[in-house]
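Listed below, chain by chain, are the residues.
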Amino acid sequence: MKTGVIVYLVGGAEVPPGMDVAARCRELGLPADRVEVVGGGEEGFADVQEAWHFLLTQGFGRIQLLVARPADDRLELVHPPLRLCG
């Protein structure tokens, strides 16, 4: 089963240039086949539902939500990871 992680950046934050979000997720114990970002930047999705729908339609059976804020070169958790499905 493919695993996806949705990273929701609070406060409209953007991913700092050069940050590998997938690597940061692995460091937090969330390995994923694909990581999608929801935040205030030009890249990524506008909301969690849109990212969730995208991952479901791409065949991802396990999807987790990570609510975080970028801090230096890492992700700071705001809430424990939440399993959306799978």
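The rules behind these values
- Residues numbered from 1 in each chain as written.
- Predicted model: local features only at pLDDT ≥ 70, side-chain atom pairs only at ≥ 80, totals over all residues.
- Heavy atoms only, no water.
- Buried < 20%, exposed > 50% of the residue type's maximum accessible area, 1.4 Å probe, protein only.
- Helix = DSSP H or I, 4+ residues; strand = E, 2+ residues; numbered from the N terminus.
- Arc of directions from axis to C-beta.
- Phe/Tyr/Trp six-rings, centres within 6.5 Å; stacked < 30°, edge-to-face > 60°.
- Lys NZ or Arg CZ within 6 Å of the ring centre and 35° of its normal.

Caption draft 1: How the structure looks around helix α2 (residues 48-57). Those residues of α2 that sit buried are V48, A51 and L55. The buried residues of α2 occupy an angular sector of 70° when the element is viewed end-on, so they sit on one face. Residues of α2 that are exposed and angled more than 90 degrees away from the buried face: Q49 and H53. Just downstream of α2 lies G59, where phi reads positive at about 90°.

Caption draft 2: Representation of the packing of aromatic side chains within the structure. Under the definition given, this model contains one aromatic pair. Considering the side-chain rings of F45 and F54, the 5.5 Å spacing of their centres and the 40° angle between planes classify their relative orientation as tilted. For F45, a relative accessible area of 14% corresponds to the buried category. For K2, the ring lying beneath its charged end belongs to F60, and the centroid distance is 4.5 Å.

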